[in-house]
Amino acid sequence: MTTTANPALSLGPVYFLWDGPKWRDFYFRIADEAPVEHVTLGETVCSKRQHFSEPHVAEVIERLEAAGKRVTLSTLAMVTLERESRHVRDLIRDSAHPVEANDLSALGLLKGRPHSIGPLVNVYNAATARMLAARGAQNICLPPELPAASVREILAAMPGFSFELFAFGRMPLAISARCAHARSKGLTKDNCQFICGEEPDGLPLRTLDRQSFLVLNGVQTMSSSCAVLVDDLAPLAEAGLSRVRLSPQDCDMVAVARLYRAVLDGRMDGAEAIGALASVYPGVPFSNGFLHQQEGAAWVSRGRNAAMGHA
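A brief structural summary. (Residues numbered from 1 in each chain as written. Predicted model: local features only at pLDDT ≥ 70, side-chain atom pairs only at ≥ 80, totals over all residues. Heavy atoms only, no water.)

1. Describing the overall build of the chain
Thought 1: In terms of helices and strands, the chain carries 11 helices and 12 strands.
Thought 2: Since a compact globule built from 311 residues should have a radius of gyration of about 19 Å, the 19 Å found for the chain is in line with a globular shape.
Thought 3: Here the C-alpha coordinates of the chain stretch approximately 55 × 50 × 35 Å along the principal axes.
Thought 4: Within the span of the chain, comprising 311 residues, buried residues form 54% of the whole.
Thought 5: Of the contacts made within the chain by residues no fewer than 6 positions apart, 68% connect residues no fewer than 24 positions apart.
Thought 6: Carbon and sulfur atoms make up 51% of the accessible area of the chain, which amounts to about 13400 Å² in all.
Thought 7: Where the 31 positive side-chain charges of the chain centre and where its 33 negative ones centre are 4 Å apart. (Helix = DSSP H or I, 4+ residues; strand = E, 2+ residues; numbered from the N terminus. Rg over C-alpha atoms; globule rule 2.2 N^0.38 Å. Buried < 20%, exposed > 50% of the residue type's maximum accessible area, 1.4 Å probe, protein only. Contact = heavy atoms within 4.5 Å. Areas by Shrake-Rupley, 256 points an atom, 1.4 Å probe, with all protein chains shown as cover. Lys, Arg positive; Asp, Glu negative; His and termini not counted. Charge placed at Lys NZ, Arg CZ, Asp CG, Glu CD.)

Now the structure itself:
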């Protein structure tokens, strides 16, 4: 087994609605047990959910930093109301921590200040990445739909810059001003009763012939499959990838982080890790199709050197 370059392991924000104590305890355990170096937290999907986590943010940050984790705070992925705009302005003005932009509305406020770019901002080529870096971005998490060839081209065009790859979790595909999750329960967005909290891992959708299709998460639409790139990271690490992002799901994320860390450090084979992940997150199909220039829900196993940019 060959040890390759070792990107840092990062944890993205919780996209789902978890109640306050569950959200707090999740991050406490991440602080104490997970081999991640960077943690991005904060409400990204729906501003109505903020009051569940806000009472615990300070103690979560304190616990994470005491454990040596670097903390970044996330902005909303869609800003449609004045109170949401005010929240983003206040966050960027007052935060003592780096801020991750997940919507273009935050970029003007962040210009000239060190910040990060989240995977919900469409960075599909090196020209866009250079422009964002020139405006103050110090880390860019690339969108999960990029193929490996594009990732490698971007890395090669900006050696030494910090790029991150979305490598585990249901993929964020779209976000809307309307809430299909509430609508599916006969409710409206304005009177949603926080119904999305009933599905802490999203609401599965199926086609008329009962095939898994998508997952609803409030106003967000996600993939029904879980992106698992643990066996695809070695060539991208060799190409200069700085961080590997895990997106929290309603499963044992400490175990997920340990498996990814073991593979990145060369202590475990990727195929072995995939088998272990199937036990940690059972009943959810895995996918890596986007990375291999196929449909996102596809699963491509070994023997795909051409797709990964190798002869």
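Additional details are given in the paragraphs that follow.
2. Digging into the pairing of strand S10 (residues 220-228)
Thought 1: Where burial is concerned, most of S10 is hidden: 8 out of the 9 residues are buried.
Thought 2: Note that strand S7 (residues 162-175) and S10 share 6 bridges and pair antiparallel. Its bridge partner being in S10, Arg170 is matched across the sheet by Cys226.
Thought 3: Counting the residues that bridge the hairpin from strand S9 (residues 212-217) to S10 gives 2 residues, and of these Gly218 lies at a positive phi of roughly 65°.
Thought 4: Looking at chain direction, S10 and strand S12 (residues 286-287) are connected through 2 bridges and run parallel. Residue pairing in the sheet places Cys226 in a bridge with Phe286 of S12. (Pairing = 2+ DSSP bridges.)

3. What about the packing of helix H1 (residues 20-33) against helix H3 (residues 57-66)?
Thought 1: H3 packs onto H1 with a crossing angle of 10° between their chain directions and a minimal axis gap of 9 Å. With respect to H3, the axis of H1 lies roughly parallel. Residues Trp23, Arg24, Tyr27, Phe28, Ile30, Ala31 and Asp32 of H1 lie in contact with H3, whose contacting residues are Val57, Glu59, Val60, Arg63 and Leu64.
Thought 2: Grouping the constituent residues of the contact of H1 with H3 by class yields 8 nonpolar, no polar and 4 charged. (Axes fitted to C-alpha atoms, helices over the stretch in contact; angles between N-to-C directions. Parallel < 35°, antiparallel > 145°, perpendicular 65-115°, else oblique. Nonpolar A, V, L, I, M, F, W, Y, C, P; charged D, E, K, R; others polar.)

4. A look at the side chain of Glu164
Thought 1: Relative to the elements of secondary structure, Glu164 occurs in strand S7.
Thought 2: Residue class for Glu164 comes out buried when judged on its relative accessible area of 1%.
Thought 3: Among the polar contacts listed, one links the side chain of Glu164 to the side chain of Ser10, at a separation of 2.3 Å.
Thought 4: A distance of 2.8 Å separates a polar atom in the side chain of Glu164 from a polar atom in the side chain of Arg245.
Thought 5: Residues contacting Glu164, with those up to four places away along its chain left out, are Ser10, Asn139, Ile140, Cys141, Leu142, Leu241, Arg243, Val244 and Arg245. (Polar contact = N/O pair within 3.5 Å; in protein donor to acceptor, adjacent residues only side chain to side chain.)

5. What to know about the environment of Tyr15
Thought 1: By the secondary structure assignment, Tyr15 is in the loop between strand S1 (8-11) and H1.
Thought 2: With 205 residues separating them in the primary sequence, Tyr15 and Gln220 have C-alpha atoms 8.7 Å apart.

6. Comments concerning the packing of aromatic side chains
Thought 1: Per the stated rule, a full pass over the model turns up 7 aromatic pairs.
Thought 2: Ring centres of Phe26 and Tyr27 lie 5.0 Å apart, and the angle between their planes is 75°; on these two criteria the pair is classed as edge-to-face.
Thought 3: For Phe26, a relative accessible area of 12% gives the class buried.
Thought 4: Between Phe52 and Phe194, the aromatic rings sit 5.0 Å apart at their centres with planes inclined by 80°, giving edge-to-face as the arrangement. Residue Phe52 is found in helix H2 (residues 50-53), and its partner Phe194 is found in the loop between helix H8 (180-184) and strand S8 (203-206); the two are separated by 142 residues along the sequence.
Thought 5: The partly exposed category is assigned to Phe52, whose relative accessible area is 22%.
Thought 6: A network of ring pairs unites the aromatic residues Trp18, Trp23, Phe26 and Tyr27 as a single cluster. (Phe/Tyr/Trp six-rings, centres within 6.5 Å; stacked < 30°, edge-to-face > 60°.)

7. Thoughts on unusual backbone geometry
In terms of backbone geometry, most residues other than glycine have negative phi values and most peptide bonds are trans.
Thought 1: Despite not being glycine, Phe194 shows a phi value in the positive range, around 55°.
Thought 2: For Arg210, which is not a glycine, the phi torsion comes out positive at approximately 70°.
Thought 3: As for its position among the elements, Arg210 is in the loop between S8 and S9.
Thought 4: Taking the relative accessible area as the measure of exposure, Arg210 reaches 61% and is therefore exposed.

8. What about the side chain of His181?
Thought 1: Take His181: it is sitting in helix H8.
Thought 2: The buried category is assigned to His181, whose relative accessible area is 1%.
Thought 3: Within the structure, the side chain of His181 is placed 2.8 Å from the side chain of Glu199, a separation counted as a polar contact.
Thought 4: Setting aside residues up to four positions removed in sequence, His181 forms contacts with Ile195, Cys196, Glu199, Leu203, Leu216, Asn217 and Gly218.

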